[in-house]
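Fold and geometry: a report
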Amino acid sequence: MDPATEVGAAAQTTASYTLWQLVRYMLGLGAWGFGGPAALVAYMYRDLVEKRRWISESDYKEGMTLAQLMPGPLAAQLAIYLGFVHYRVLGATLAGLAFVLPSFFMVVALGAAYVAYGGIEWMQAVFYGVGAAVIGIIAMSAFKLTIRNVGRDKLLWAIFLVSGALTALTQSESVWIFLAAGVLVWLVRAPPKFLSRSSINSVAAPLVGVLAAGAIDWHKLGQIGAFFAYAGSFVFGSGLAIVPFLYGGMVKEYGWLTDRQFVDAVAVAMITPGPVVITTGFIGYLVAGFWGAVVAAAATFLPCYLLTIIPAPYFKKHGKRPGVVAFVDGVTAAAIGAIAGAAIVIGQRSITDLVTAGLALATAAVLWRFKKIPEPLIVLIAALAGLALHPLAPGR
């Protein structure tokens, strides 16, 4: 038996839950988990680490680190890794599919309605309210993660602040920030023996319709598959980071979508639960129908699936070493800073007037005061508020 198999077998015997229980949880999270990657990874921590205690704190942090280091959507990668923790490849596969499929079917249905009726006017009204509430959800998620993982550590606070500022200023997340943060904390806390103290200081200083087979445009599907596979393989960070890349390809390079259609696609990602990157399914539907949605979504998520399960056994085997633990702490602090920075970037697009600012503050206040209130209820109320208030917004 190889070392990776031994690790998986040992881990599986200690699982306090069944694979079906985890799959049901991921199905539920994929069906109601609003708020984008920041909120989704916070939900997993709250539910699987704190409440159910299915996943240990160290396994969760390892999953977060691997998800940040590998390209692709953060929340989906974390779900895949958490499925791998006790049930290896089968668990990773089923957990990943369960997490992604609910929102995929939702965006395909919305895509069909969008095509059939020539646009969804009410979507902008819903996004007016939901987008503001999402800012409150992300802000509270970032706050809780900061308290738990950064604490009073000055080095981690410095990393957190730098990562947050760079994310806000550049409006994207960079893997180099995470790598640099991990290496810095590793060199400071658990330096390798071959490095002297002086050398350390010198380094640390700086489902709606299926087309007939004969009607499929295979050439266009090939283009869609190649483009979204590239996006899934080389774009790091959350859905926030992939949006500018998608805009450049879908609108500027290929001309498959208009500016308005692309904005509507982003709105779909925000008003539907699950990973933000599932908007690729909506975009694929607009470009080439049902099979375009399937190809776009599969091409986006397949690279992140492979880049999670392939290194996972070795990451688990060596993840408890002091140097790796220090590296994980650094990457985690940078990741939380990026989440906080993403809240600022998204807020610039969602907080457009006093009403949306009030909705965002009210959401954060409610989550602070009533810690057990379900987020879907908040999102539903925000959506209704958006429908009622959007026609009265300035400029309408």
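Here is a short report on the structure shown in this document. Every value quoted in this text rests on a predicted model; they were computed, and no experiment measured them.

**A look at the packing of aromatic side chains**
- According to the stated counting rule, one finds 12 aromatic pairs in the structure shown.
- Here Phe227 and Phe228 contribute two aromatic rings whose centre-to-centre distance is 5.2 Å and whose plane-to-plane angle is 85°, an arrangement assigned as edge-to-face.
- Take Phe227: its relative accessible area is 8%, and that puts it in the buried class.
- Under the relative-accessibility criterion, Phe228 is labelled buried at 1%.
- Ring plane angle 15° and centroid distance 4.3 Å describe the contact between Tyr254 and Trp256, whose orientation is recorded as stacked.
- A network of ring pairs unites the aromatic residues Phe227, Phe228, Tyr254 and Trp256 as a single cluster.
- Sitting over the face of the ring of Trp54, Arg52 holds its NZ or CZ atom 5.3 Å from the ring centroid.
- If you follow Arg369 out to its NZ or CZ, it ends over the ring of Phe370, 5.0 Å from the centre.

**Describing the environment of Met44**
- As for its placement among the helices and strands, Met44 is situated in helix α3 (residues 36-51).
- On the basis of relative accessible area, Met44 is assigned to the buried category, the value being 0%.
- Sequence separation between Met44 and Ala75 is 31 residues, and the spatial gap between their C-alpha atoms is 9.0 Å.
- Residues contacting Met44, with those up to four places away along its chain left out, are Tyr25, Met26, Leu29, Val49, Tyr60, Ala75, Leu78, Ala79, Leu82 and Phe99.

**Thoughts on helix α4 (residues 57-69)**
- Its 13 residues give α4 an end-to-end C-alpha distance of 18 Å, which sits within 8% of 18 Å, the value for a rise of 1.5 Å per residue.
- By the criterion of burial, α4 is predominantly enclosed, with 11 of the 13 residues buried.

Procedures and definitions
Residues numbered from 1 in each chain as written. Predicted model: local features only at pLDDT ≥ 70, side-chain atom pairs only at ≥ 80, totals over all residues. Heavy atoms only, no water. Phe/Tyr/Trp six-rings, centres within 6.5 Å; stacked < 30°, edge-to-face > 60°. Buried < 20%, exposed > 50% of the residue type's maximum accessible area, 1.4 Å probe, protein only. Lys NZ or Arg CZ within 6 Å of the ring centre and 35° of its normal. Helix = DSSP H or I, 4+ residues; strand = E, 2+ residues; numbered from the N terminus. Contact = heavy atoms within 4.5 Å. Expected span 1.5 Å × (residues − 1).

No statement about biological role is implied by the geometric values presented.
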